[in-house]
Every structure is written in C-alpha cells, then in structure tokens.
Amino acid sequence: MTLALLILLASSVFSGCDDLCTRAMVGFTGDDGLRVWIDISRCVSFPLDKEDATLIMEESPCPCQGDLELQDDFWQHEEPGCAIYINVDTGDVECFSG
C-alpha cells in the first residue's frame, strides 16, 4: 500500500500535472450518443480559462471551431448548424453539428 502511494505521488510530481487534467470526454449529438476520450497535449487546470478551453477545442474531433465565449458554466462557440460547449469545471465537450 505504501509503495503504491509513493509511486502514485512520484508520478504526479514528475508529470508536472498535479491536480490537472490531460484528457477530456467529447460527446457528439446526432451520432447515436457517441462519446470518446481525447488526450490533450498539455495539462489544463480547472476552472478552465479561455486558453485551456481553446486547446481542448482545437484538439477535439469536433468540426465546430471558432472564438470561444464564456456563457455561465461553458466556453462555447455557436454558428448555424454547428456548436461546441466546453464545461468550465470538467473540460467535457458537447459537439453539435449537422
């Protein structure tokens, strides 16, 4: 137990990602509820600022991309037939395209 805890602590120290996220869940509306995990190229912290939310948007497979605006609990970009919402507290992405 102690060895496992030490390994866990050492890996978080050496990763440079203490209490930060390097993965995000992306959900697609209209694709039978498809949800996929994506790996992010660097750590992001919560609540997400615009820079971290933009990174998640750019690295997600969602085709809806553009200048993000903060609305309540989401960074979002909307245009006709396309929208992306990124949760400020979790980094989860909802993608609507059609």
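Described below are features of the structure shown in this document.

Conventions we followed
- Residues numbered from 1 in each chain as written.
- Predicted model: local features only at pLDDT ≥ 70, side-chain atom pairs only at ≥ 80, totals over all residues.
- Heavy atoms only, no water.
- Helix = DSSP H or I, 4+ residues; strand = E, 2+ residues; numbered from the N terminus.
- Salt bridge = Lys/Arg side-chain N within 4 Å of Asp/Glu carboxyl O.
- Buried < 20%, exposed > 50% of the residue type's maximum accessible area, 1.4 Å probe, protein only.
- Pairing = 2+ DSSP bridges.
- Axes fitted to C-alpha atoms, helices over the stretch in contact; angles between N-to-C directions.
- Contact = heavy atoms within 4.5 Å.
- Phe/Tyr/Trp six-rings, centres within 6.5 Å; stacked < 30°, edge-to-face > 60°.

The step from Phe46 to Pro47 runs through a cis peptide bond, and the omega angle for that step is 0°. Here Pro47 shows up in the loop between strand S2 (35-44) and helix H2 (50-59).

Taken as a whole and judged by the stated rule, the model has five salt bridges. A salt bridge links Asp67 to Lys50, with the shortest nitrogen-to-oxygen separation between them at 2.8 Å. With Asp67 in the loop between H2 and strand S3 (69-71) and Lys50 in helix H2, the pair connects residues that are 17 residues apart, well separated along the chain. We classify Asp67 as exposed; its relative accessible area is 53%.

This brings us to the sheet that holds S3. The sheet built from six strands is open, its strands ordered S2-S1-S6-S5-S4-S3 with mixed pairing. Lying at the two open borders of the sheet, with one neighbouring strand each, are S2 and S3. Across the sheet, the mean angle separating the axes of adjacent strands is 30° when strand polarity is ignored. Here six bridges tie strand S4 (residues 74-79) to strand S5 (residues 82-87), and the two strands are oriented antiparallel to one another. Across the sheet, His77 pairs through a bridge with Ile84, a residue of S5. Sitting on the sheet, H2 is in contact with strand S1 (21-29), S2, S4, S5 and strand S6 (93-97), with an inclination near 135° to S2.

Further remarks concern the packing of aromatic side chains. Applying the stated criterion across every chain yields a total of two aromatic pairs. With centroids separated by 5.6 Å and ring planes inclined at 75°, the aromatic side chains of Tyr85 and Phe96 adopt a geometry described as edge-to-face. In this pair, Tyr85 is assigned in strand S5 and Phe96 in strand S6, connecting sequence segments eleven residues apart. Ring-pair connections join several aromatic residues into one group, and the members of that group are Phe74, Tyr85 and Phe96.

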